Amino acid sequence: MSILRIANAQAFWGDSQDAAKNLLLRQPDLDYITLDYLSEVSLSIMAIQREKDPAAGFAKDFVETLKTIIPFWKQGSKVKIVTNAGGLNPIGCAEKCREELTAAGLNDLKVGVVIGDDILADLKQNPGDPNFKNLDSGATLSTIEAKLMTANAYLGSAPIVELINQGADIVVTGRVADPSLTVAPCIAHFGWNMTSYHKLAQATVAGHLIECGTQATGGISTNWLTLNDKADIGFPFIEMDSEGSFVITKPLGTGGVVDAETVKEQLLYEIGDPSAYLSPDVIVSFLTLKLEPEGKDRIRITGASGSAPPPTYKVSATYRDGWKADALLTIFGRDAEKKAQLSGEIIFQRLRQKGFSPQRTLIECLGAAGNPSAIECVLHIAAADQNKEPLEAFAKEIAPLVTSGAPGTSGYTYGRPHLREVFGYWPCLVDCSRVRPQTKLC
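Residue numbers restart at each chain and count upward from 1, following the sequence in its written direction. Restriction of local features to residues with pLDDT of at least 70 applies here, the model being predicted, together with a cutoff of 80 or more for giving and counting side-chain atom pairs; totals for whole chains, interfaces and linings are based on all residues. The side-chain quantities take in all heavy atoms of the structure and omit both hydrogens and water.

**What to know about the overall build of the chain**
Then, in step 1: On a plain count of helices and strands, the chain comes out with 12 helices and 19 strands.
Then, in step 2: Computed over its C-alpha atoms, the radius of gyration of the chain comes to 25 Å, within 12% of the 22 Å expected for a compact globule of 442 residues.
Then, in step 3: Seen along its three principal axes, the alpha-carbon backbone of the chain occupies a region of about 75 × 55 × 50 Å.
Then, in step 4: For every residue, the accessible area obtained with a 1.4 Å probe (protein chains only) is divided by the maximum for its type, and the residue is called buried under 20%, exposed over 50%, and partly exposed between those limits. Considering the chain as a whole, with its 442 residues, one finds that 51% of them fall into the buried category.
Then, in step 5: Counting only contacts in the chain whose residues sit at least 6 apart along the sequence, the fraction spanning at least 24 positions is 75%. Numbering of helices and strands starts at the N terminus; helices are DSSP runs of H or I of at least 4 residues and strands are runs of E of at least 2. We compute the radius of gyration from the C-alpha atoms alone; for a globule the expected value is 2.2 Å times N to the 0.38, where N is the number of residues. Residue contacts follow a heavy-atom distance rule, with two residues in contact if any of their heavy atoms lie within 4.5 Å.

Below, the structure written as structure tokens:
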């Protein structure tokens, strides 16, 4: 069966909106483009948006990106899209996509949507469930149950495969494990069995390599300064064969590089135990991987070992955790660092005199690095608390330093600091049997 080409055009919510268009201009034979919008904090932001507007709660940027792909479909492109841009409202996102396609006269294209990852109600109803303990601290969910905002299980590839097999050209999901966006097209295209664990392991490695976009092609790499054309680093794509062997590369003529170094750096990114990389599709051992150069900007990867996936899904939950505020001041002249440190201490001293002691505080003197001869320093001062009042008082104490503080105090250019809500992250597990993904075409 033919080689399957899968690219990634979004590493996070806020990445380049031109990436998908540029990929298709330079690599028109792509079969799939994946776009990954969700990090741990993304769903908190979407929850705030949804509170203000029930029709929100998804990455609206994706709809704008979709518009840049429409001309290629009109010209005959067969590329399919898989994205988790649906966030907390996959149906709303899918409906917006449907509207854009209809307006463009592309009624034949099908939009599929995956729901069922939202398990907030389950967590709230069962706070004593041992699986819901914080994976990092071991704390019980009851400690933050009343403040929970979101709870989403990391689904696997199966529901996406179902939609692709039903003819979906665009698949919109909520929280799905990042590599599964790539695993699903491989299963659907090659007809792999869900228990072909070594092949699924290879596809998972492929998905892991491209999920962060240009990180695999030189972005933030150790030798970033040596890259050619850093302003136009090419987004990665993989060429997968029916046995799971694949090449990672990038479009010809783009900046950056694909070599053993960049690929290995991305392989080790966020993996935990390299002998047991956990995903909802398969458990992968990276210890048996082989990387071989296959021409310029081409690395072939083989040898991943796979075994049955765990009986639980990871859950990303978030909760309201108070408020924070921070400010920057520039202190220059003799003894800059000493003056900056004392200025920060004065602010908190004045707060204590008014009866406020924020639960968490921070004073940083940036740029001096303990150098007593430094003549310039940036004071970064911050505070956080469960209540607004201490932070409102904190925000009012920054400006007075401009005239009552150390000589050489400047940089108060953005006005009084704004209070921002803080969200805590609660990683936990849920038994797979309690999560029921659903799919639909629209």
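**Regarding unusual backbone geometry**
Then, in step 1: The phi dihedral of Asp297 falls on the positive side, at around 55°, and the residue is not glycine.
Then, in step 2: Inspection of the secondary structure puts Asp297 in the loop between strand 11 (290-293) and strand 12 (299-302).
Then, in step 3: The phi angle at Asp335 is positive, at roughly 60°, despite the residue not being glycine.
Then, in step 4: Summarising the element assignment, Asp335 is placed in the loop between strand 14 (312-332) and helix 10 (336-353).

**Description of the sheet that holds strand 12**
Then, in step 1: Any two strands are treated as partners once DSSP identifies two or more bridges connecting them. On the basis of which strands lie adjacent, the open sheet formed by 10 strands has the order 11-12-8-7-1-2-3-6-4-19 and mixed pairing. The open sheet terminates on both sides in strands that have one partner only, identified here as strand 11 and strand 19 (438-441). Strand-to-strand twist of the sheet, defined as the mean angle between neighbouring strand axes without regard to direction, takes the value 20°.
Then, in step 2: Here strand 11 runs beside strand 12; their pairing, made up of four bridges, is antiparallel. Paired with Lys290 across the two strands is Thr302, which belongs to strand 12. Lines fitted to C-alpha atoms define the axes here, with helix axes fitted over just the stretch in contact, and angles between the N-to-C directions of these axes take values from 0 to 180 degrees.

**Considering the side chain of Ser285**
Then, in step 1: Summarising the element assignment, Ser285 is placed in strand 10 (residues 283-285).
Then, in step 2: Polar contact is the term for a pair of N or O atoms within 3.5 Å; when the atoms are in protein, one must be able to donate a hydrogen and the other to accept it, and sequence-neighboring residues count only if both atoms are side-chain atoms. A polar atom in the side chain of Ser285 sits 3.2 Å from the backbone nitrogen of Leu287.
Then, in step 3: Not counting the four nearest positions on each side in its chain, Ser285 is found in contact with Pro274, Ser275, Ala304 and Ser305.

**Considering the packing of aromatic side chains**
Then, in step 1: Each pair of aromatic rings taken from Phe, Tyr and Trp, with Trp reduced to its six-membered ring, is defined by centres within 6.5 Å and is described as stacked if the planes are under 30 degrees apart, edge-to-face if over 60, and tilted in the remaining cases. Scanning the entire structure with this criterion turns up five aromatic pairs.
Then, in step 2: Geometrically, the ring pair formed by Tyr319 and Trp426 is edge-to-face, given 6.2 Å between the ring centres and 80° between the ring planes. Of the two residues, Tyr319 sits in strand 14 while Trp426 sits in strand 18 (residues 420-431), which places them 107 residues apart along the sequence.
Then, in step 3: Here the aromatic rings of Phe348 and Phe394 are separated by 5.9 Å at their centres, their planes lie at 15°, and the arrangement is stacked. Taken together, the positions of Phe348 in helix 10 and Phe394 in helix 11 (residues 389-395) put the pair 46 residues apart, joining distant regions of the chain.
Then, in step 4: Given a relative accessible area of 8%, Phe348 falls into the buried group.
Then, in step 5: Since its relative accessible area comes to 0%, Phe394 is described here as buried.
Then, in step 6: Any Lys NZ or Arg CZ that is within 6 Å of a ring centre and within 35 degrees of that ring's normal is treated as a charge sitting over the ring. In this structure, Lys230 is placed above the aromatic ring of Trp224, and the distance from its NZ or CZ to the ring centre is 5.6 Å.

**Regarding helix 7 (residues 180-190)**
Then, in step 1: The buried fraction of helix 7 is high, at 10 of 11 residues.
Then, in step 2: For helix 7, every residue scored as buried is listed here: Ser180, Leu181, Thr182, Val183, Ala184, Pro185, Cys186, Ile187, Ala188 and Phe190.
Then, in step 3: Lining the buried residues of helix 7 we find strand 1 (4-8), strand 2 (32-35), strand 3 (80-83), helix 6 (158-165), helix 8 (197-210) and strand 7 (237-240).
Then, in step 4: At the C-terminal side of helix 7, Gly191 shows a positive phi close to 70°.

**Here we look at the environment of Val113**
Then, in step 1: Relative to the helices and strands, Val113 resides in strand 4 (residues 111-115).
Then, in step 2: When the C-alpha atoms of Val113 and Asp431 are compared, they prove to be 23 Å apart, with 318 residues separating the residues in sequence.
Then, in step 3: Among all residues touching Val113, those that are not within four sequence positions of it are Pro90, Ile91, Ala94, Leu163, Val172, Gln438, Thr439 and Lys440.

**Thoughts on the layout of surface pockets**
Then, in step 1: The pocket and cavity definitions rest on a 1 Å grid over protein atoms only: a 1.4 Å probe that fits but cannot leave marks a cavity, an open set with protein on both sides within 12 Å along at least five of seven lines marks a pocket, and residues lining either have an atom within 4 Å of a point. Grid points are joined across faces, edges and corners, and a volume is the space filled by probe spheres set on the points. In this structure, the largest pocket spans a volume of roughly 1000 Å³.
Then, in step 2: Together, 39 residues line the largest pocket, and Glu40, Tyr154, Glu270, Tyr277 and Lys314 are the ones closest to its centre.
Then, in step 3: Residues belonging to the lining of the largest pocket are distributed by class as follows: 21 nonpolar, eight polar and 10 charged. The residue classification treats Ala, Val, Leu, Ile, Met, Phe, Trp, Tyr, Cys and Pro as nonpolar and Asp, Glu, Lys and Arg as charged. All others, Gly included, are polar.

**Here we look at the pattern of salt bridges**
Then, in step 1: A side-chain nitrogen of Lys or Arg and a carboxyl oxygen of Asp or Glu constitute a salt bridge if their distance falls within 4 Å. Summed over all chains, the structure comprises 20 salt bridges.
Then, in step 2: Between Lys250 and Asp297 there is a salt bridge whose closest N-O contact spans 3.7 Å. One end of the pair, Lys250, is in the loop between strand 8 (246-249) and helix 9 (260-267); the other, Asp297, is in the loop between strand 11 and strand 12, and 47 residues separate them in sequence. The burial state of Lys250 is the same as that of Asp297; both residues are buried.
Then, in step 3: A salt bridge links Arg298 to Glu294, with the shortest nitrogen-to-oxygen separation between them at 3.6 Å.
Then, in step 4: The structure contains a network of salt bridges with shared partners spanning Arg5, Asp29, Glu239, Glu294, Arg298 and Arg300.

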